Amino acid sequence: GLHRILSYPYLFKNYGINNGALVTLDNETGDVVAMVGSQDYYNKEIDGEVNIITSLKQPGSSMKPLIYARAFETNNLSTDTPIFDVEMSFGTYKPKNFDGKFL
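In this text the structure is predicted, and so the values were computed from the model without any measurement.

When helices and strands are counted, the protein shows 3 helices and 2 strands. Reading the protein from its N terminus to its C terminus gives the helix and strand order α-α-β-β-α. For the protein, the residues scored as buried account for 8% of the 103 residues in total. A sequence separation of at least 24 residues applies to 19% of the contacts in the protein between residues at least 6 apart. On the protein, roughly 9,000 Å² of surface is accessible, and the fraction owed to carbon and sulfur atoms is 57%.

Backbone geometry at asparagine 76 places phi at a positive 55°, although glycine is not the residue there. By the secondary structure assignment, asparagine 76 is in the segment after α3 (64–74).

Take the environment of lysine 101 next. Looking at the element boundaries, lysine 101 is found in the segment after α3. Residue classification places lysine 101 among the exposed positions, given a relative accessible area of 51%. Along the primary structure lysine 101 and valine 86 are separated by 15 residues, whereas in three dimensions their C-alpha atoms are 9.0 Å apart.

Here the protein shows a mean pLDDT of 77. Residues at 70 or above account for 82%. For the protein, the element scoring lowest by mean pLDDT is helix α1 (residues 2–5), at 49; α3 scores highest, at 84.

We now examine the pairing of strand β1 (residues 22–25). Where β1 meets strand β2 (residues 32–36), 4 bridges bridge the pair, whose relative direction is antiparallel. Its bridge partner being in β2, valine 23 is matched across the sheet by methionine 35. Counting the residues that bridge the hairpin from β1 to β2 gives 6 residues, and of these glycine 30 lies at a positive phi of roughly 80°.

Right, let's get into a nonpolar patch on the surface. Residues Phe84, Val86, Met88, Phe90 and Tyr93 make up a contiguous nonpolar surface patch of roughly 600 Å² in combined accessible area. Residue position: valine 86 is located in the segment after α3. By relative accessible area, valine 86 is classed as partly exposed at 48%.

A few words now on the pattern of salt bridges. Following the criterion strictly, the structure yields 1 salt bridge and no others. A salt bridge links glutamate 73 to arginine 70; the shortest N-O distance between them is 2.5 Å. One end of the pair, glutamate 73, and the other, arginine 70, are both in helix α3, 3 residues apart, so they sit about a helical turn from each other. The exposure class assigned to glutamate 73 is exposed, which follows from its relative accessible area of 56%.

Rules used in this analysis
Residues numbered from 1 in each chain as written. Predicted model: local features only at pLDDT ≥ 70, side-chain atom pairs only at ≥ 80, totals over all residues. Heavy atoms only, no water. Helix = DSSP H or I, 4+ residues; strand = E, 2+ residues; numbered from the N terminus. Buried < 20%, exposed > 50% of the residue type's maximum accessible area, 1.4 Å probe, protein only. Contact = heavy atoms within 4.5 Å. Areas by Shrake-Rupley, 256 points an atom, 1.4 Å probe, with all protein chains shown as cover. pLDDT = per-residue confidence, 0-100. Pairing = 2+ DSSP bridges. Patch = residues over 30% accessible without salt bridge, like charges linked within 9 Å, V, L, I, M, F, W, Y side chains within 5 Å. Salt bridge = Lys/Arg side-chain N within 4 Å of Asp/Glu carboxyl O.

As structure tokens, then:
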């Protein structure tokens, strides 16, 4: 199931991911319900001591739902509006998907 796919052994074996992070919020109160920052906090070999709240590491795609929600809200878009996954450049910066592909 999904728990197997999201497990660290699966992610490391298939994608080389050693660490990940998750913050779950209560939408009504804004309270932090759960926070996970590493597969093993005490493992220095994988930079285990990660507190995602205070981390200076980049958030990857974790911000996409918030960005898309705001874009949809302010531009009067719907769930039927296509979002194209194409290669783009911002000066010399060219963001890529995790797998390097554009769909």
